[in-house]
Each structure stands twice: as C-alpha cells, then as structure tokens.
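Summary of structural features
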Amino acid sequence: MTIKLYGITMSTCTAKVLACLHEHGAEFELVPVNLQNGEHKQPAFLAKNPFGQIPALEDGHLTLFESRAISAYVAEKFKGSGCDLLRSQNPKEAAVVKTWMEVESQQFSPAISPIFYQSIIVPILYGGTPNQTIIDESSVKLGKVLDVYEKKLNSSKYLAGDFYSLADLHHLTYIYYLMKTPYGKLINERPRVKAWWEDISSRPAFKKVAAGLTLGDKN
Amino acid sequence: MKLHGNPLSTATQRVLACLYEKDVEFQFVDVDMGAGEHKSEKFLSLNPFGQVPAFEEGDLKLFESRATTQYIAQEFSDKGTQLLLPGSNKTMAVLQLWKEVEAHQFDPPATKLVYELRYKPFFGLTTDTAVAEENEAKLGKVLDVYEGRLAQSKYLACEHFSLADLHHLPTVQYLMGSSAKKLFDSRPHVSAWVAVITARPSWTKVQDMVKQKV
C-alpha cells in the first residue's frame, strides 16, 4: 500500500514533507486538497487531521498530521541507502539534530512566518495590504535568529554538524518564499547563512519541490 | 548531568519534570535571570539563544526543552517512567505528532495567556483583555480537539502518560491558577486529564521547587 500525502505543492508545510520524501526516493501519492472549497474543514478531512490543516499522511492504518512529525516518520522509515537525516544510530548526534529541529520550530518559524503571511499570503490570497509594522518587527526577530545561525555555521557546514539533516531541510520552504520578497536580504547579507542556503536549496530533492512553490509567481 | 535554568520558567519545568519522572541524578544550576546571567558569554556558550534551560552531559550540550526531554527519555529509556512509545516507528510517530500538537497548536495561545493572566499581574503590568480573549478563544478550539481525543484515549498519545502529556504540565499549571481555568474545567475529559497529570509525584517535586523560589 502506497503512502498518501494529502496537501498541495505550493504549501510550505506540505512541501516540507515532499522534500523529505524525495530525499529518500520514497514512493508516495500526493492527494490534492481543495482549500478554496474548504475541503480541509470538512468531516472527511477532519477525520485525518482534527485541526483541519494540510498536510496529512496515511500509511496503511497509520494517519499522521503536523508536518514535522510526518517528516520525522518518513526519515526514520526510509533511512538507509545513504540517507540518514536523523542520525538515529548515534544518540548524541541525534540529540543535536533534534535541538536544531526545535530551533527551526520555536525560534526561526515564529519569526519568519509573519513575514511570509504578510508579504505573500495577504496580498495574493486575500488581495489585502501587507502590515509593514508586523513585517518590520518580525524582520528584527528573524535577523537575531539568523545571527545565531551565522555564528553556528562558522563551526559546522550544516546546522547540526557537518552533515545535512532534517534540521536543515525544515527551513527550505519558508526561506524559498522569503527569497521571492525584498526580505531575502536577511539571508543574503549573512555570508555563511547565504552559502548554507545556496547549498541546501541546490539539492536535487529540493529542486523537485521548488518547482511547485508557485505562490506569488506571475503566470 | 547538569540542568541550568530557572524553576519559574515553563521550559525549565518541562525538563525538570522529565528528569524526575526518569528518577536520574542531576545537578540543578540556578541561572540568575534578574541579573541577566542568561545573556552572559558563559551562558551563551551553552545556549546561543540566551534562554533557559540549558543541559550538559559530559561534552554534550543541549538546549530547547523539547529536544532535551526527548534525549533524556531516550537515553534513560529503561529507567523510571516510560515516557516514549517504543515498539515501532509508527507508535513513535504518534507520540511525535502529539508533541508537535503541544508545540504548535496548544503552546502559542496558551503561552500568550500565561503572559497576560499571570506574568503581567505578577510584575504590576496591565493585562490586555482583547489579547487575552482572543487567545482564550483560540485555546478553546484546541481544547475542543483534545476533548475529542481524550474521549478515545486515556492520555494524548496512547493509554499511558508520555512526553506528549508531560510537555503540557508547566503551562497548564500556570493557567489553572488563572481565569483561563474555566477552559479546562468546562471540558470533562480535558479536566480529568489535567487532574491526573498534575497529581503526578514528579510534578509535585517541580512545584515544590517553584514554591521555594517565589
């Protein structure tokens, strides 16, 4: 039975899981969810994710939601063949990977998501005007987080060590969208962060995902 | 093992609860936040984000409370309370899911409420009632999902107490001492779950540390 991922390619959270699936060459089926029609708030979808958010994953009898829980499940299930994004054989390395996964979750994401929401979602999905105060405040917070990254990336090639891990992967989709806005300068003006971004975004698995991150693209 | 932190900090309490559940030896090092110790060079070498807690075991340095509890629960899997769902990748994934729910659905509105309803009054600041009401509404919706879940499962991730439940303790405790208590009391399964998890002896030990500090 194939894994089913419910979501859409342009969603940051769905794409986070897609990147992980592609890194492992995993077979899966992407089942689109019609957000415009409110499909994610209907009983059939709420049975998969009671919070009514994409993505959700089904693997046999197992149903999961929360993109970071899904990607961790995928990374563990498909580890091997040279792909070890969790370093689970080495408890200390694994603990450091989890630490930087928490940093993405608790420090980075709360700082970047208001910038993404105001500069991309508000104008494109709602035809509204971005709240510049929120963007400016969040840019300051994100800058401080990225200053820590700049220092960390001085002593290791990737966030958790000299190996690419899920901690790095979880940053891909938000930064990709940030780089479409003027606030991409927050990445570009920090040389090590910029080099790290260029490295992780050039991975073939991510390039497949990036093709679907089309919010804000002019057709 | 050393845990550097402040007993009043929810994140520090999260790790303390885990250490007590595992019944392991550790040294608690009080960080003088009033004096800005958490922003000192020495502390920043433990946690570059300048936040409590920070954890040391030999040459391993960890921060972020939820990564630290995961490490402790795994490293001492055979000691004290079993806080994980070992057995298969699928059972571990269900645990991970409910830990993510705590971090991304529960914690954001709950932490804002703790700030408005507990922190601000304690420091003589004025509660923003609009923000409090907005976050009570958000937390209420999250707790509606919990009510549904706890009607089917004794604890959030499974039939036994796990890290997914433990991670809620510090913020739940603070909110139970505020007007937001009604959000928990008005949902029978949530209310029963709160009563059971806050009555755990390991949590009482953490509360004793809090009382000594205040």
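Residues numbered from 1 in each chain as written. Chains lettered and ligands numbered in written order. Predicted model: local features only at pLDDT ≥ 70, side-chain atom pairs only at ≥ 80, totals over all residues. Heavy atoms only, no water.

Moving on to the overall build of chain B. Each helix and strand in chain B was counted, giving ten helices and four strands. Helices (α) and strands (β) of chain B occur, in sequence order from the N terminus, as β-α-β-α-β-β-α-α-α-α-α-α-α-α. Taken over C-alpha atoms, the radius of gyration comes to 17 Å for chain B, in line with the 17 Å a tight globule of 214 residues would show. Referenced to the eigenvectors of the C-alpha coordinate spread, the extents of chain B come out at roughly 50 × 45 × 25 Å. Across the 214 residues that make up chain B, the buried fraction comes to 54%. (Helix = DSSP H or I, 4+ residues; strand = E, 2+ residues; numbered from the N terminus. Rg over C-alpha atoms; globule rule 2.2 N^0.38 Å. Buried < 20%, exposed > 50% of the residue type's maximum accessible area, 1.4 Å probe, protein only.)

Within chain A, the secondary structure is distributed over ten helices and four strands. Ordered by position from N to C terminus, the α and β elements of chain A give β-α-β-α-β-β-α-α-α-α-α-α-α-α. Here the C-alpha coordinates of chain A stretch approximately 50 × 45 × 30 Å along the principal axes. Residues counted as buried form 54% of the 219 residues belonging to chain A. Of the contacts formed within chain A by residues at least 6 apart in sequence, a portion of 65% connects residues at least 24 apart. Here chain A holds 24 positive side-chain charges and 22 negative ones, and the gap between their average locations is 2 Å. (Contact = heavy atoms within 4.5 Å. Lys, Arg positive; Asp, Glu negative; His and termini not counted. Charge placed at Lys NZ, Arg CZ, Asp CG, Glu CD.)

All right, on to the interface of chain B and chain A then. Opposite the 29 residues of chain B that make contact, chain A presents 30 residues. Where chain B touches chain A, the interface holds zero salt bridges. The tally of links between chain B and chain A comes to seven residue pairs in polar contact (both at pLDDT 80 or more). Within the residue set of the side of chain B that touches chain A, elements represented by two or more residues are strand 4 (60–63), helix 3 (65–75), helix 4 (89–122) and helix 5 (129–152) of chain B. With twelve residues, helix 4 of chain B is the largest single contributor of residues to the side of chain B that touches chain A. For the side of chain B that touches chain A, the per-class residue count stands at 16 nonpolar, seven polar and six charged. (Salt bridge = Lys/Arg side-chain N within 4 Å of Asp/Glu carboxyl O. Polar contact = N/O pair within 3.5 Å; in protein donor to acceptor, adjacent residues only side chain to side chain. Nonpolar A, V, L, I, M, F, W, Y, C, P; charged D, E, K, R; others polar.)

Mapped onto this numbering, the UniProt entry gives "domain: GST C-terminal" (unreviewed entry) at residues 88–214 of chain B. Between the C-alpha atoms that bound residues 88–214 of chain B there is a distance of 43 Å. The span itself is 78% helix and 0% strand. (UniProt positions renumbered as here; feature names shortened; annotations may be inferred.)

A few words on the sheet that holds strand 2 (residues 27–30) of chain B. Residues and elements named next belong to chain B. The strand order across the open sheet formed by four strands is 2-1-3-4, and the pairing between neighbours is mixed. Of all strands in the sheet, those with a lone pairing partner are strand 2 and strand 4, marking the two edges. Within this sheet the neighbouring strands show an average axis-to-axis angle of 20°, counted without direction. The sheet strands contacting helix 1 (residues 10–22) are strand 1 (2–5) and strand 2, and the helix crosses strand 1 at an angle near 155°. (Pairing = 2+ DSSP bridges. Axes fitted to C-alpha atoms, helices over the stretch in contact; angles between N-to-C directions.)

Residues and elements named next belong to chain A. One ladder, built from four bridges, connects strand 1 (residues 3–6) with strand 2 (residues 28–31); its direction is parallel. Paired with I3 across the two strands is F28, which belongs to strand 2. Traced from strand 1 through helix 1 (residues 12–23) to strand 2, the parallel crossover comes out right-handed. (Right-handed = clockwise from strand over helix to strand, strands pointing away.)

The subject of this paragraph is the packing of helix 1 of chain B against helix 7 (residues 169–176) of chain B. Residues and elements named next belong to chain B. Axis separation between helix 1 and helix 7 bottoms out at 8 Å; the angle between their running directions is 120°. Of the possible angle classes, the one that applies to helix 1 and helix 7 is oblique. Facing helix 1, whose interface residues are T10, Q13 and R14, helix 7 presents P170, T171 and Y174. (Parallel < 35°, antiparallel > 145°, perpendicular 65-115°, else oblique.)

Our next topic: the nonpolar core. Counting residues in hydrophobic clusters, the biggest one holds 126 residues, and the most contacted among them are Y149 of chain A together with W98, Y146 and F184 of chain B. Ranked by the residues each element gives to this core, the list is headed by helix 4 (residues 91–126) of chain A, at twelve residues. Counting six residues, the second-largest nonpolar core is a separate cluster that includes Y6, V33, F45 and A56 of chain A. (Core = buried A, V, L, I, M, F, W, Y, C linked by side-chain atoms within 4.5 Å.)

Turning to the packing of helix 4 of chain B against helix 5 of chain B, a few remarks are in order. Residues and elements named next belong to chain B. Two elements in contact, helix 4 and helix 5, have axes separated by 8 Å at closest approach and are oriented at 150°. What the angle tells us is that helix 4 and helix 5 run roughly antiparallel. In the packing of helix 4 onto helix 5, the handedness of the crossing is left-handed. Residue-level contacts link V94, W98, V101, E102, Q105, F106, P109, A110, K112, L113, E116 and L117 of helix 4 to V131, A132, N135, E136, K138, L139, V142, L143, Y146 and R149 of helix 5. A per-class count over the contact of helix 4 with helix 5 returns 14 nonpolar, two polar and six charged. (Left-handed = near helix turned anticlockwise from the far one by under 90°.)

Here we take up the sheet that holds strand 2 of chain A. On the basis of which strands lie adjacent, the open sheet formed by four strands has the order 2-1-3-4 (chain A) and mixed pairing. The sheet terminates laterally at strand 2 and strand 4 (62–65) of chain A, the two strands that pair on one side only. Adjacent strand axes in the sheet meet at a mean angle of 20°, parallel and antiparallel pairs treated alike. Each of strand 1 and strand 2 of chain A is contacted by helix 1 of chain A, which is oriented at about 165° to strand 2 of chain A, the strand it contacts most. Contacting strand 3 (56–59) and strand 4 of chain A, helix 4 of chain B crosses the sheet at an angle of about 25° to strand 4 of chain A.

A few words now on the confidence of the model for chain B. Taken over all residues, the pLDDT of chain B has a mean of 97, while the share at 70 or more is 100%. Here the prediction assigns the complex a pTM of 0.96, and the interface score ipTM is 0.94. (pLDDT = per-residue confidence, 0-100.)

Let us look at a nonpolar patch on the surface. Taken together, Y115, Y119, F122, F123, L125 and V214 of chain B make up a surface patch of nonpolar side chains, about 660 Å² in accessible area. Tracing the backbone shows F123 of chain B in the loop between helix 4 and helix 5. (Patch = residues over 30% accessible without salt bridge, like charges linked within 9 Å, V, L, I, M, F, W, Y side chains within 5 Å. Areas by Shrake-Rupley, 256 points an atom, 1.4 Å probe, with all protein chains shown as cover.)

Residues and elements named next belong to chain B. In this structure, R187 sits in the loop between helix 8 (181–185) and helix 9 (188–198). Given a relative accessible area of 14%, R187 falls into the buried group. Separated by 2.9 Å, the side chains of R187 and D144 make a polar contact. Residues contacting R187, with those up to four places away along its chain left out, are G140, L143, D144 and E147.

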